[in-house]
Structures are given as C-alpha cells and as structure tokens.
Amino acid sequence: TTRAQVRPPQLFLFLCERTLRTVMAKRTSSGGDTNGKAAKLGADELCIRTVRMVSADVVQKANSGHPGAPIGCAPMAHVLWAKVMNYSPSNPEWIARDRFVLSNGHGCALQYTMLHLTGYNVTMDNLKAFRQLGSNTPGHPENFMTAGVEVCTGPLGQGISQACGMALAQTHMAATFNKPNFPVFDNYTYVICGDGCMQEGVSGEACSLAGHLKLGRLIVLYDDNNITIDGATELSFSEDVNKRYEAYGWHVQTVEDGNSDHEAIAKAIEAAKAVTDKPSFIKVKTVIAFGAPTKQGTSGSHGAPLGAEEIKNMREAVGAAQEDFKVPDEVYAHYKQAPGAAAEGKWNAMFAEYEKAHADLAAEIKRRFYTKELPAGWKESLPSWKAGDKALATRQASQQVLHGFAPKLPEFMGGSADLTPSTLTKWNGAVDYSTKTPEGRYVRWGVREHGMAAMCNGMAAYGGLIPFASTFMQFTGYALGAVRLSSLSRFQVIYVMTHDSIGLGEDGPTHQPVEMLAQMRTQPNLLVMRPADGNECSGAYAAALENRTGPSLLCFSREGCEQLEGSSADHVAKGAYVLKEDADAKVTLVGSGSQMQLCLKAAKLLKIPARLVSLPCTQLFDAQSADYKASVFKAGVPTLSVEAASAVGVEGIYAHASVCMRQFGLSAPGGEAYKFFGFSPEGVAEKAEKLVAFYEGKAVPNLMDRLVFPAVPTGH
C-alpha cells in the first residue's frame, strides 16, 4: 500500500498500524515475549509498558474512565518521574518540589499509576478502587483527595492555566527569598496537556501572560494525538499550535515520535530547561491508546474502557504478562532509585545553612508555608470610620483598607484585569510584578478575567501567597470556571469585584450585574460579602483573610455610601446583625451594600416603627446559632429585603418580600436608574407599608423556624 492509494483518514490509521508493527518487530527481535520477562526489555521500556498496562487495567476495573491518554502519555510521564522531576513521596508538601499538573485530567489513571509506582500514598487497592465511593483516586484529579495532586483538573484548560500561576509564584518567591548559594525556590512546573486544553480559551489567556512575563521554569508537554471525543481533531481544530505559542513568546519544540522515543522527550526537556527567559512548549506527537490492536488512534479509546479482550490482545502484542495490575519488582526498584526522589535531603541541608545565614527570611518562609499564621498585628492596620465621616463608594473604602493592611501582609499578591483606576486595588507603595521586578506584588493581569482567576488558583496552590483578582462584578461570569475551582480546591483566593449593581449607571445592562450576586451565593465554599460602608469593608477583608480554606468574593459599589450609625467591622463575621433595634417595630428592613442607606432613609419616612438589619454575607449568617438568627430576624415581624439585584436566595428565606431587580437594568445615570426601578427612600417606604398591610390580621411566617438539612460530609 502507498500513500497515494489511501484517503487521509485511512492514511492516519495506516501509519499508526505501520508504526506499531515496526515497534513490535523491534521488541520481538530484542526478546519480548508473552510471558513478559523483565530481562528482555530495557528498564525504561519495561517501566513505560507497565505504566500503560496498569493504566488500562485501572480504567477497565472501574468500567469507567479514559484509557487512551494515559497509554499514549506514558513515555512522557515516565521521563518526568524517572529522570527529571524532584519530588518527595514521603513529604508531598515539600515546598521546593517540582510541581506537576495533568491538565488533561480525564487521563488521571496515568497520574495515579505514577503516584503509586513512585511511592506516594496511592496503593494498589486504591488503583483498583478508581472512581469508587470513598476512594482517593477520583474520576478527575482533586488536590484535597490525593497526596501528590497539586490542583483540581478536568475542566480542560484550567490545569495549564493554574500551572502558569504556579510558575509566576515561583519567580516571585525566588526573587523574594533566594540568596547567593541558597536557591531556596528553584523548582520547575511541568504540565502534560492535550488538544482540549489548547482549544479552551482560558489557556490562551494564561499562556499569553506567561509568555509576556517570561516564566522560564514552566515546561508544557502537549500530547498531540489528533483525537477528541467527536473524532479526529481535523473536524474542528486545524491551527498550527506551535506557531501560536511562538507568538505568545514561548520556546517551542516538537518530538516526532512520542510513542517510543523516550530519549527524544528527555532531550527536549533538557533543552527547555536551558532556556531560562521563556516558558517552553514541547509538542509530543503520539497515538492515543498506542499498542491497543484495534482501538489505538481512534476516539473509541478516549472515554471508555478498552474492553477485556482488547487488553488481552494488547498484552500479547507488547509482550506483557497476562495478569491484571502486574508490576514487576524491577519497575518499583527503578522508580525508587529515581534521582529526584532524593532531592529533599539535599535541599534540607541547604536550608539549614540558609536559616543560619538568613534567619529572618527563613522564619518568614516557615510562617507562610508551615504555621500559615497571618503576621502579628495585621488586624490593627484595618481602618475604621464613624457616622458622619465622608461618604465613600465602597470601592474607595476598599482601597483605604488595602492601604492599611497590604503593606503589612507580604503574602498578599494580585491585581486587576486592566481596571486598576476603576477597581482601586493598588495600595500605597505597591510595586508592579514584572520581569524586571519579580519581587513586586501588584500583578497587571491585562484583559484576561478567566486566566487571571485560574492563575490565582495556581498561586494559591504553590503556597506562601494569598492571591487576589479584581474586575467588575458582572465579569465574574468570564472567570466563573476558575472561581468554581477555587471553591472546590479550598484555595484562599480573594476576588475583589466592583461596580456591583445598577448603580454603576451609564454603562448599562451589559455591565450591570443583576443576577451575579444571587448566582455566586449559591456556590459552595465561597464567602460572598457585600459591605454597606467603610467599617463593613474592613470587616469583609478581615473575614476573607481569616478564611483559610476557601475563596471569598467581595462586592463593592461605584456609588457613594454614607458611614452608617451602628455599623461594625467585627459583626461582618456573623453575616448579619441588627443595625438599629426598635422593640415596637412593625417591619424589619434588611439590606446589603449601597442599599443599606436606602433602608435607613426609608425608615425615617415610615409612620410605623422599623428595625434595620445589615446582611453583608448570607453564608456566614447561615452558620450562626438558631438563637442568634432569631435575634436578628424577629418572629412575627414582616421583613422586607432591599438589594439592587435578583432576590433569589433572599426572598422567602430571610425576607417575606423584596425590593429587587427582576429584569435587566438600563443605561442612565446611576441615581436615575435606581429611581426608575423603585430604589428610592420613598419607593422602599411605600413597599414596606404594603408589606405590613398585607400581613394585617394574618400570621407572619417565622422564616427562621424552618428545617434545613446539613450538607453530607464528603471531603469536598
């Protein structure tokens, strides 16, 4: 058969089959046989074959998963773990370890197999329990479930983007702490990714910035296997990825035979490490499920088990023993002797000398990475206001809070998505992070909301930093995929979101986030705080900085807000509190953010006594005791909520009725937009009176007296 006789799709399969026949012939001539005798293969080839077969067995045993990528990527993984990376199976949190990210997380059978073979706490029984309830080998990598997994991946593009954040963090830590003869932070970040990661937009945002910032210790291996779920990539993806990454400013190489030429992969990585002023991108051309007689090179091997018969025939073809989960002793021994596994001892000896020479810096590293305590006295730096002080937009109050604590909190690092003059997130004395000043802590993310949030996750995963990201509240939607992973991963990322309602005015409904507040409140493990004045801004930042096991999203206004009588920074931690009590109240007005001042003014117009409640954070309030909740929302008193946003999640839970947004906003000056939609003292007072009249002679439902079943503990 010649090329001219075969159509292009058939040609691809023909070349795959020809390659396999050639490789099998070479292996047979070197002594491969169906009994899988270890002595017949070199150590590298035996390890790669074992990784492939165990990965296939992992998926087959679960009858669920993705075998093709683990089989195809096995040579890359072997080279990284056996020859390249520094790691510590006995201490997975070792701060100087090389970071590894499997961005195509559906191929996690590969990562779990490597963790098992190299001595991490992933047993053979764990491999056999892949994707099963209670296992530490879930269907996609989860950093909190499996030692040795750095970040949650699976949503394609997120892994490589988080890796960009890890690489950024490394350069900052190196610039801050490294000294001559003491390379405390000199690790690399390695990534294996696939075609899906190249197609998702978030990776483009993050990799563009990584190239701009010249993150030279970031090395990506791209598994170019020409297959996606639908079929061949030519169905929807034909760009020259190498040229794209060259345009980003990356160092680019290609390995033509990623199926068998592990030495070429190793040489490419060494060449990448020699380029220190650019991140490196290595396209490794592979055949998905390489070695599977009828399924290699097909989409059928992507997202379903190969099948028992196919695996049997594959074992026979590659000369492996006909035994599930078979790992020869020589393979365990080979990985145990990997040079990277002994690196921690050398680093510990170096750090002991560093501690003698630079005691203050060593103590700071220990505080950030080991005790994880915030610096002493940081809370005293938070500003406070009193009633009658100058009215400020809460974004302006936020900036004053940043001026106070950020200089005293060196781990606080981040910036805005090209909106610094609007979000007001740069504090006095802040130095830009750049190639010239990597010790700087203010990051210019550019117009890249999704990449910004994903890179913040990577920075949090690296450790020693509290990253923050900022944009307009409405553009949280652009970043939502990464914000969700912040919550799932338990990363302390602080999202500073301004222009939080129709009060932003003239920019109109494209920028007015009527639904975003409600949407974000529904996300598990995310504190959403909408402070009403300066004191509550201080309280919101305090709560976010003390929230060490998850992200926080702070919502700030464009419009001015009065400094309220009775507001409290400390009370933000309770989620809601009584701002003004009245024992004879006929109605409770509850609000958040800039609408709290409307409640105050409306109460003065009412002819009936009213209570005022501030609700900066529903999640924190929900965690309070039943007695405290009952003291805030009193039984028998109708409650009216006031928020220039959707009332979903508030109406019927904290309030009997709502002044809210039930449609998109409009373009007009902020005050006029508010008035048009009924957000005025007169409008709120009118609706409060109607609510009281509605319940005249009726029993007022006690919204705090309801049964709420707790979340089921899962480890998530």
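Note that the structure is a prediction, hence the values are computed from the model and not measured.

## With respect to the overall build of the protein chain
Here is step 1 of the chain: Of regular secondary structure, the protein chain possesses 25 helices and 19 strands.
Here is step 2 of the chain: Over its C-alpha atoms the protein chain spans a radius of gyration of 29 Å, differing by no more than 12% from the 27 Å that the globule rule assigns to 716 residues.
Here is step 3 of the chain: A total of 716 residues make up the protein chain; the buried ones form 60% of that total.
Here is step 4 of the chain: Residue pairs at least 24 apart in sequence account for 76% of intrachain contacts in the protein chain once pairs closer than 6 positions are excluded.
Here is step 5 of the chain: For the protein chain, the exposed surface amounts to about 27,900 Å²; the carbon and sulfur share of it is 51%.
Here is step 6 of the chain: Taking the average place of the 68 positive charges on the side chains of the protein chain and the average place of its 71 negative ones, the gap between the two points comes to 1 Å.

## A few points about the pairing of strand 18 (residues 639-642)
Here is step 1 of the chain: Both faces of strand 18 are covered, namely the face carrying Thr639 and Ser641 and the face carrying Leu640 and Val642.
Here is step 2 of the chain: When strand 18 meets strand 19 (residues 657-659), the two strands line up parallel, connected through three bridges. Residue pairing in the sheet places Leu640 in a bridge with Ala657 of strand 19.

## Overview of the packing of helix 17 (residues 449-462) against helix 18 (residues 476-489)
Here is step 1 of the chain: Where helix 17 contacts helix 18, the axes come no closer than 7 Å and their chain directions differ by 15°. In terms of orientation, helix 17 lies roughly parallel with respect to helix 18. For helix 17 against helix 18, the interelement crossing comes out left-handed. From helix 17, Glu449, His450, Ala453, Ala454 and Asn457 reach across to helix 18, where they touch Tyr478, Ala479, Gly481, Ala482, Val483, Leu485 and Ser486.
Here is step 2 of the chain: Here the contact of helix 17 with helix 18 is built from residues that sort into seven nonpolar, four polar and one charged.

## A word on the packing of aromatic side chains
Here is step 1 of the chain: All told, the structure shown has 33 aromatic pairs when counted by the stated rule.
Here is step 2 of the chain: Measuring from ring centre to ring centre gives 5.8 Å for Phe177 and Phe185, while their planes differ by 50°; the resulting arrangement is tilted.
Here is step 3 of the chain: Relative accessible area serves as the criterion here: at 1%, Phe177 is assigned to the buried category.
Here is step 4 of the chain: Note on Phe185: relative accessible area 1%, which makes it buried.

## With respect to empty space enclosed by the protein
Here is step 1 of the chain: Considering all chains together, one arrives at four cavities of 30 Å³ or more under this definition.
Here is step 2 of the chain: Together, 13 residues line the largest cavity, and Tyr87, Asp98, Tyr120, Gly148 and Glu150 are the ones closest to its centre.
Here is step 3 of the chain: Tallied by class, the residues present in the lining of the largest cavity amount to seven nonpolar, two polar and four charged.
Here is step 4 of the chain: Lining the second largest cavity are 13 residues; nearest its centre among them are Phe633, Lys634, Thr639, His656 and Leu703.
Here is step 5 of the chain: Across the lining of the second largest cavity, the residue classes break down as eight nonpolar, four polar and one charged.

## Remarks on the sheet that holds strand 10 (residues 466-472)
Here is step 1 of the chain: The strand order 9-10-11-13-12 describes an open sheet built from five strands, whose pairing is parallel. The open sheet has two edge strands, strand 9 (412-416) and strand 12 (527-529), and neither has a second partner. If you compare each strand with its neighbour and ignore which way they point, the axes differ by 15° on average.
Here is step 2 of the chain: Pairing geometry for strand 12 and strand 13 (residues 552-555), over three bridges, is parallel. When the sheet's bridge partners are listed, Val528 is paired in strand 13 with Leu553.
Here is step 3 of the chain: The sheet strands contacting helix 17 are strand 9, strand 10 and strand 11 (494-498), and the helix crosses strand 10 at an angle near 170°.

## Things to note about the side chain of Asp195
Here is step 1 of the chain: Summarising the element assignment, Asp195 is placed in helix 7 (residues 195-199).
Here is step 2 of the chain: Of the side chains with opposite charge, Arg244 lies nearest to the buried Asp195, which makes no salt bridge, at 8.5 Å.
Here is step 3 of the chain: A polar contact is formed between the side chain of Asp195 and the side chain of Tyr222, at a distance of 2.4 Å.
Here is step 4 of the chain: Excluding residues that lie within four positions of it along the chain, Asp195 makes contacts with Tyr222, Asp223, Asp224, Asn225, Asn226, Ile227, Thr228, Thr233 and Phe237.

## Brief notes about the pattern of salt bridges
Here is step 1 of the chain: Enumeration over the complete set of coordinates arrives at 24 salt bridges.
Here is step 2 of the chain: Between Lys366 and Glu355 there is a salt bridge whose closest N-O contact spans 2.6 Å. Residue Lys366 is found in helix 14 (residues 359-371), and its partner Glu355 is found in helix 13 (residues 343-357); the two are separated by 11 residues along the sequence.
Here is step 3 of the chain: With a relative accessible area of 29%, Lys366 lands in the partly exposed category.
Here is step 4 of the chain: Notably, a salt bridge pairs Lys690 with Glu686, separated by 3.3 Å at the nearest N-O pair.

Conventions adopted
- Residues numbered from 1 in each chain as written.
- Predicted model: local features only at pLDDT ≥ 70, side-chain atom pairs only at ≥ 80, totals over all residues.
- Heavy atoms only, no water.
- Helix = DSSP H or I, 4+ residues; strand = E, 2+ residues; numbered from the N terminus.
- Rg over C-alpha atoms; globule rule 2.2 N^0.38 Å.
- Buried < 20%, exposed > 50% of the residue type's maximum accessible area, 1.4 Å probe, protein only.
- Contact = heavy atoms within 4.5 Å.
- Areas by Shrake-Rupley, 256 points an atom, 1.4 Å probe, with all protein chains shown as cover.
- Lys, Arg positive; Asp, Glu negative; His and termini not counted.
- Charge placed at Lys NZ, Arg CZ, Asp CG, Glu CD.
- Pairing = 2+ DSSP bridges.
- Axes fitted to C-alpha atoms, helices over the stretch in contact; angles between N-to-C directions.
- Parallel < 35°, antiparallel > 145°, perpendicular 65-115°, else oblique.
- Left-handed = near helix turned anticlockwise from the far one by under 90°.
- Nonpolar A, V, L, I, M, F, W, Y, C, P; charged D, E, K, R; others polar.
- Phe/Tyr/Trp six-rings, centres within 6.5 Å; stacked < 30°, edge-to-face > 60°.
- 1 Å grid on protein atoms, 1.4 Å probe; cavity = no way out; pocket = protein on both sides within 12 Å on 5 of 7 lines; lining within 4 Å.
- Points joined across faces, edges and corners; volume = space filled by probe spheres on them.
- Salt bridge = Lys/Arg side-chain N within 4 Å of Asp/Glu carboxyl O.
- Polar contact = N/O pair within 3.5 Å; in protein donor to acceptor, adjacent residues only side chain to side chain.

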